[in-house]
Amino acid sequence: MSDEPGSAVVEGGTTGRSGQAVPKRERERLVVIGNGMAGARFVEELVARGGRNRFEIVMFGDEPYGNYNRILLSNVLAGIQDPKDIFINPLSWYEDNGVRLHAGVRVASIDRRSKIVRGASGVAEAYDKLVIATGSRAFVPRIEGLEREGGGYKSGVFVFRTLDDCSGILEHAKRSRRAAVIGGGLLGLEAARGLLGLGLEVHVVHLMKHLMEVQLDAAGGAVLRRALEDMGLAVHLEKSTREILGDERVEGLRFEDGSELACDLVVISAGIRPNAELARDAGLTVERGIVVGDDLCSPDDPDIHALGECVQHRGRTYGLVAPLWEQAQILADRLTERRPDAAYAGSKISTKLKVMGVDLLVMGEQRAASDAEEEVAYAEPSRGIYRKLVIRDGTLAGAILLGGGAPGGRLLQAFERGLKIPEDRAALLSAGAHAGAGEPSVGDMPDEAQVCNCNGVSKGQIAAAARGGCRTLRQACAATRAGSGCGACKPQVQAVLELVLGSDAAEDPSAHYYVPGVPYAKPELVRLIKERGLRSVSSVFRELAGGQEDLASKPGLASLLKSIWGREYEDERDARFINDRVHANIQRDGTFSVIPRIYGGVTTPAQLRKIADVAERYEARMVKITGGQRIDLLGIEKERLPDVWRDLGMPSGHAYTKGFRTCKTCVGSEFCRYGVGDSTALGIAIERRFQGFEAPHKLKLAIAGCPRNCSEATTKDVGAVAIEGGRWEIYVGGGAGSRVRKGDLLCVVDTQEEVIRYAGRFMQYYREQARYMERSYDFVERVGIERVRRVIVDDAEGVAARLDAEVQASVDAYADPWSEADSPIHPSQFTTLLPPPSGAPAQAE
Ligand SMILES: Cc1cc2nc3c(=O)[nH]c(=O)nc-3n(C[C@H](O)[C@H](O)[C@H](O)COP(=O)(O)OP(=O)(O)OC[C@H]3O[C@@H](n4cnc5c(N)ncnc54)[C@H](O)[C@@H]3O)c2cc1C
Ligand code: SF4
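Note that the structure is predicted; figures quoted are calculated from it, not measured.

Here is what the cut-offs are and how they apply
- Residues numbered from 1 in each chain as written.
- Chains lettered and ligands numbered in written order.
- Predicted model: local features only at pLDDT ≥ 70, side-chain atom pairs only at ≥ 80, totals over all residues.
- Heavy atoms only, no water.
- Helix = DSSP H or I, 4+ residues; strand = E, 2+ residues; numbered from the N terminus.
- Rg over C-alpha atoms; globule rule 2.2 N^0.38 Å.
- Buried < 20%, exposed > 50% of the residue type's maximum accessible area, 1.4 Å probe, protein only.
- Contact = heavy atoms within 4.5 Å.
- Areas by Shrake-Rupley, 256 points an atom, 1.4 Å probe, with all protein chains shown as cover.
- Lys, Arg positive; Asp, Glu negative; His and termini not counted.
- Charge placed at Lys NZ, Arg CZ, Asp CG, Glu CD.
- Near = heavy atom within 4 Å.
- Nonpolar A, V, L, I, M, F, W, Y, C, P; charged D, E, K, R; others polar.
- Polar contact = N/O pair within 3.5 Å; in protein donor to acceptor, adjacent residues only side chain to side chain.
- Core = buried A, V, L, I, M, F, W, Y, C linked by side-chain atoms within 4.5 Å.
- UniProt positions renumbered as here; feature names shortened; annotations may be inferred.
- Pairing = 2+ DSSP bridges.
- Axes fitted to C-alpha atoms, helices over the stretch in contact; angles between N-to-C directions.
- Parallel < 35°, antiparallel > 145°, perpendicular 65-115°, else oblique.
- Right-handed = clockwise from strand over helix to strand, strands pointing away.
- Phe/Tyr/Trp six-rings, centres within 6.5 Å; stacked < 30°, edge-to-face > 60°.
- Lys NZ or Arg CZ within 6 Å of the ring centre and 35° of its normal.
- Patch = residues over 30% accessible without salt bridge, like charges linked within 9 Å, V, L, I, M, F, W, Y side chains within 5 Å.
- Salt bridge = Lys/Arg side-chain N within 4 Å of Asp/Glu carboxyl O.
- Disulfide = S-S within 2.5 Å.

Trainee: I keep staring at the overall build of the protein and nothing clicks. Help me out?
Mentor: Scanning the protein from N- to C-terminus turns up 24 helices and 41 strands. The C-alpha atoms of the protein give 30 Å as radius of gyration, which agrees with the globular expectation for 845 residues (28 Å, within 12%). Along the first, second and third principal axes, the C-alpha set of the protein runs to 105 × 65 × 60 Å. A buried classification covers 56% of the 845 residues belonging to the protein. For the protein, long-range pairs separated by at least 24 residues make up 64% of all intrachain contacts whose partners lie at least 6 apart in sequence. Carbon and sulfur atoms form 48% of the exposed surface of the protein, whose accessible area is close to 34,100 Å². When the 108 positive and 117 negative side-chain charges of the protein are each reduced to one mean point, those points stand 1 Å apart.

Spelled out as structure tokens, the structure:
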């Protein structure tokens, strides 16, 4: 490759820098500016059509690499993919395909009269045809204090656009504790999730009234906010950043309303702007982007074309990849004269948020444009569900699908292909529904139809991979790159496999793994962890996953290891979410909520006095009685947590974690005239025994002193109700949160001791068998109460004694996490940089 400055000659009837005339070329010279997703894909398409017979191809790329999939930078930041795995065309590809790439050379000007492109390094190339694919850059709003003296951003300030940006953020994050992401759009949220996974406390600062306002309406934005806050992100809306604080390096943000946020890393993700200056300076028409017609040609120059994010077509600019795959094919068809009159008519766009734990797919328009159009919406905010369809002339003009459960793949097909959708709109939004009356299936799709939008992979390519030996989804995805972006296309990739292979399509073993990154089902994983004495998340990756760490698997593994090892579990900074690291619940404003344990909801005047004193001393912004019968001190700053715990002198209530939370009790037989059982005494005993019991999800218990059930024990993960004769009914798998389910009657017992034994045995069985984040009500439904009863009550599988012993081991290993007040597990466990800003606290229980 000749990409050293000055190595190129200027050919084609003009003169080289040597001044000597050079002979006329046989092939035309095609110069492409921009070696990003659009430029490189266009060249690939051109080469595939035999374009090298017609053109000598020369490329300029500002970045010093081959071409990589920019979309996957979010996965790199999140630790899900290694940078080397996101390259589509490494440097060798260009050499192998006879393409001359000036890597790391920025084009400074286009001389249209002489038809010469000049690189900043002094290199010049003549062209017969020019393609501009310069993409976009991150938009950086005016913020005081952005730059340090002498120029350049302050240390710790980044944008998120290139591989170099991503490496810079990852490097800086190693020395950071609190990050702020300015911008709550798609990219900002992906960056924020990545940083959260690196173990930082992360704040999203957004100017608008709701998150992702380009793709979501206000209701959807509110549900998304809740989902993100649940995973530990702090979200600040309607906040305009005025200043970046700090001299050489960032120390915080100051907002227009005067409030401040301490942070030592800032990612600015406030939108993008097309790189169109080069074209404008060359005299081409530029509005928001480089103006092109349906022929992707500039109206000012028949030899200059443009594609990708830098163009404006029919008044629209795009910020997603799907349009550029189409544009690349059309332009390659035109220039090779395979289809000289191929025309680009605009793209229908959809996008999926690549944030682990949040399922969000959006397509087309977010609201009806006139009364003639319909909007159908369904919301269940407490479960993180929001679904909305915008329907025009019986077809889908747009959709928001947040929280999973809706038939996303089929709705996407219906949207992309303009299919009529059924009259029963409500049914369309429910799980298992089909999007079209005619059941659009991959069988109806032509081979060229695109299945994976993120990587531009067609049905034909997947079918070829299947014919070439790929039997499972994982194999097909690895062979074609399909599914490695946002993952929304995986059901369709699977469908293509089944279409081609029929019953030869194999089920992916990974469907049964406990966590995606470690190739074992839960029982086998537990056995290996115990056998090999693996006490930390990193040791599990090292021993059981070939050393390959997977961010998505860390919280699940950490929870499992804690439940197996108790105090012997070796905590690692990035394996658990912030709540579990500081043993408190992070709130919207970055402060924490502190809920001490009040066994069975029974307290004393002395205890209440102490709580009141602490609330005053540490300026709790709100003191709240929770639904779990205890007292929540809200608005506590992170660095004061150890002092608060010390002064309270009460154990942690574990209101922040996956595991045993509370045992709610009613008054019971000691005082209540209806009571037939001592519910408070039993509740207290249960809470003393199971405090700190880790589980795949939270466990809320309750005891009622008679069937009037004042403590709602039948809608708890485990509940017991006293009945006549001093006996107790035990219910399991109930819940009254995001889902309401009455628990199933497990058994009726005679004594409190038996209630405690069966409750523990059930919780141990649940935590051994359930998937990470599977609530007990889903678990009991999945396994079936009959089987649960056979194991727990009848001991049909002979495991009861072992389950009881495991419970006892956990109970014996229990240590109050708030004892870390006197011995933090690492020096910065409870430190922040500046006082956090003011703001409204959120509820914890
Ligand atoms: C973190 C991240 C996540 C994303 N996620 C998604 C997603 O999930 N789904 C989706 O559809 N889209 C996503 N996108 C957007 C997607 O990456 C872009 O739509 C796509 O990269 C646009 O391709 P392009 O070739 O037009 O621009 P780019 O890929 O930016 O390529 C332009 C190239 O031109 C170079 N260049 C610019 N000026 C010059 C010059 N004067 N001389 C030489 N070279 C120059 C640039 O350095 C760059 O390498 C994401 C983007 C980012 C940053
Ligand atoms: S459940 Fe029964 S015992 Fe308990 S408070 Fe209500 S009425 Fe009284």
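Trainee: Please clarify how helix H4 (residues 163-173) should be interpreted in this entry.
Mentor: Note that an α-helix has 3.6 residues per turn; residues three or four places apart therefore point the same way. Within H4 the residues assigned to the buried category are Leu163, Asp165, Cys166, Ile169, His172 and Ala173. Residues of H4 that are buried in the fold lie against strand E3 (67-68), helix H2 (73-77), strand E4 (87-89), strand E11 (157-159), helix H5 (186-197) and strand E18 (265-268).

Trainee: Whenever I open this one, the site of ligand 2 confuses me. Can you help?
Mentor: By nearness alone, every residue bordering ligand 2 is listed as Cys666, Val667, Gly668, Cys672, Tyr674, Gly675, Gly705, Cys706, Arg708, Asn709 and Cys710. When its residues are assigned to classes, the shell around ligand 2 shows six nonpolar, four polar and one charged.

Trainee: Explain the site of ligand 1 here, please?
Mentor: Taken together, 31 residues are adjacent to ligand 1, and Ala38, Glu63, Arg161, Glu309 and Lys354 come closest. One of the backbone nitrogen or oxygen atoms of Val107 is found 2.9 Å away from a nitrogen atom of ligand 1. Separating an oxygen atom of ligand 1 from a side-chain N or O atom of Glu309 is a distance of 2.5 Å. Within the complex, 96% of the 990 Å² of free accessible area of ligand 1 lies under protein. At the level of secondary structure, the elements contributing two or more residues to the shell around ligand 1 comprise helix H1 (37-48), strand E2 (55-61) and H2. Classifying every residue of the shell around ligand 1 by side-chain character gives 15 nonpolar, nine polar and seven charged.

Trainee: What's the story with the nonpolar core in this structure? I'm lost.
Mentor: Side chains of nonpolar character tend, in soluble globular proteins, to be buried together. Of all hydrophobic cores here, the largest spans 121 residues; its most connected members are Phe42, Ile132, Leu195, Leu224 and Leu360. Once you skip the residues sitting within four places of it in the chain, Leu224 turns out to touch Leu189, Leu211, Met212, Leu216, Leu353, Val358, Leu360 and Leu402. Core analysis: the next-biggest nonpolar cluster, separate from the first, contains 38 residues, Val755, Ala759, Leu803 and Val811 among them.

Trainee: Would you mind showing me how to read the UniProt feature "domain: FAD/NAD(P)-binding" (unreviewed entry) in the protein here?
Mentor: The UniProt record marks residues 29-314 with the feature "domain: FAD/NAD(P)-binding" (unreviewed entry), using the residue numbering of this structure. The span residues 29-314 is 22% helical and 31% strand by assignment, and the distance between its end C-alpha atoms comes to 29 Å.

Trainee: What should I look at first to understand the pairing of E18 in this one?
Mentor: Successive residues of a regular strand alternate their side chains across the two faces of the sheet. Of the two faces of E18, both are covered, the one formed by Leu265 and Val267 as well as the one formed by Val266 and Ile268. The sheet contact formed by E11 and E18 spans three bridges and is parallel. Bridging across to E18, Val159 finds its partner in Ile268. Across four bridges, the pairing between strand E12 (residues 178-182) and E18 is parallel. Within the sheet, the bridge partner assigned to Val181 lies in E18 and is Val267.

Trainee: Whenever I open this one, the packing of helix H12 (residues 473-480) against helix H13 (residues 490-501) confuses me. Can you help?
Mentor: When two helices pack together, their arrangement is given by the angle between the helix axes and the distance between those axes. Close contact between H12 and H13 brings their axes to 10 Å; oriented N to C, the two are set at 105 degrees. By the angle class used here, H12 and H13 are roughly perpendicular. Note on element contacts: H13 touches H12 through Lys490, Val493, Gln494 and Leu497, opposite Leu473, Ala476 and Cys477. Grouping the constituent residues of the contact of H12 with H13 by class yields five nonpolar, one polar and one charged.

Trainee: Sorry if this is basic, but what is going on with the pairing of strand E35 (residues 660-665) here?
Mentor: In terms of burial, E35 is a largely internal element, six of the six residues being buried. Sheet topology places E35 next to strand E36 (residues 699-704); four bridges connect them, and they run parallel. In the strand pairing of E36, Cys663 is matched with Leu701. Regarding the hand of the β-α-β motif, the stretch spanning E35, helix H20 (residues 679-690) and E36 is left-handed.

Trainee: Would you take a moment to explain the environment of Gly61 for this structure?
Mentor: With respect to the helices and strands, the residue Gly61 is situated in strand E2. Aside from chain neighbours lying at most four places away, what touches Gly61 is Asn35, Leu101, His102, Ala103, Gly104 and Val105.

Trainee: How should I be thinking about the packing of aromatic side chains in this particular structure?
Mentor: Between two aromatic rings, the relevant description is the distance of the centres plus the angle of the planes. Under the defined criterion, the tally for this structure stands at ten aromatic pairs. Ring centres of Tyr68 and Phe87 lie 5.7 Å apart, and the angle between their planes is 65 degrees; on these two criteria the pair is classed as edge-to-face. Note that Tyr68 is positioned in strand E3 and Phe87 in strand E4, a separation of 19 residues in sequence. In this structure Tyr68 comes out as buried when scored by relative accessible area, which is 3%. Between Tyr766 and Phe779, the aromatic rings sit 5.5 Å apart at their centres with planes inclined by 65 degrees, giving edge-to-face as the arrangement. Of this pair, Tyr766 sits in helix H21 (residues 752-769) while Phe779 sits in helix H22 (residues 776-783), and the two are 13 residues apart along the sequence. There is no split in this pair, since Tyr766 and Phe779 are both buried. Among the aromatic residues, those joined into a cluster by ring pairs are Phe762, Tyr765, Tyr766 and Phe779. Sitting over the face of the ring of Tyr758, Arg757 holds its NZ or CZ atom 5.6 Å from the ring centroid.

Trainee: Would you mind going over a negative patch on the surface with me for this structure?
Mentor: On the surface, a cluster of negative charge is contributed by Glu149, Asp247, Glu248 and Glu251. As for its placement among the helices and strands, Asp247 is situated in the loop between strand E15 (241-245) and strand E16 (252-255). Overall, Asp247 belongs to the exposed group, its relative accessible area being 67%.

Trainee: Just to check I follow, could you spell out the state of the cysteines for this structure?
Mentor: What makes a disulfide is a covalent bond joining the sulfur atoms belonging to two cysteines. Using the criterion set out here, one finds zero disulfides in the structure. Looking at the unpaired Cys166, the closest cysteine sulfur is the one in Cys454, lying at 16 Å. When its relative accessible area of 1% is taken as the criterion, Cys166 is described as buried. As a non-bridged cysteine, Cys263 has Cys166 as the owner of its nearest cysteine sulfur, 19 Å distant. Taking the relative accessible area as the measure of exposure, Cys263 reaches 0% and is therefore buried.

Trainee: Would you take a moment to explain the sheet that holds E16 for this structure?
Mentor: To summarise the sheet geometry, strands pair through backbone hydrogen bonds and adopt either a parallel or an antiparallel arrangement. Ordered in space as E15-E16-E17, the three strands form an open sheet in which the pairing is antiparallel. Because the sheet does not close on itself, it has two edges, and the strands there are E15 and strand E17 (260-262). Across the sheet, the mean angle from the axis of one strand to that of its neighbour is 20 degrees, orientation sign disregarded. Here E16 pairs with E17 via three bridges, running antiparallel. Among the inter-strand pairings, Gly252 is bridged to a residue of E17, identified as Ala262.

Trainee: Even after reading the chapter, I still don't get the sheet that holds E35, so can you show me in this structure?
Mentor: Taking strand neighbours across the sheet as the criterion, the five strands line up as E35-E36-E37-E38-E41 in an open arrangement whose pairing is mixed. In this open sheet, the two edge strands, each paired with only one partner strand, are E35 and strand E41 (744-749). On average, each strand axis in the sheet is inclined to that of its neighbour by 15 degrees, with strand direction left out of account. Strands in contact with H21 are E36, strand E37 (718-723), strand E38 (727-732) and E41; relative to E38, the strand with the most contacts, it is inclined by about 10 degrees.

Trainee: What am I meant to see in the pattern of salt bridges here?
Mentor: Pairing between side chains becomes possible if they bear opposite charge and their charged atoms approach one another. Tallied over the entire structure, the rule returns 51 salt bridges. The shortest N-O distance in the salt bridge between Lys562 and Glu694 comes to 3.6 Å. Note that Lys562 is positioned in helix H16 (residues 554-565) and Glu694 in the loop between H20 and E36, a separation of 132 residues in sequence. You can call Lys562 partly exposed: its relative accessible area is 24%. Connected via shared salt-bridge partners are Arg41, Glu45, Arg49, Asp333 and Arg339.

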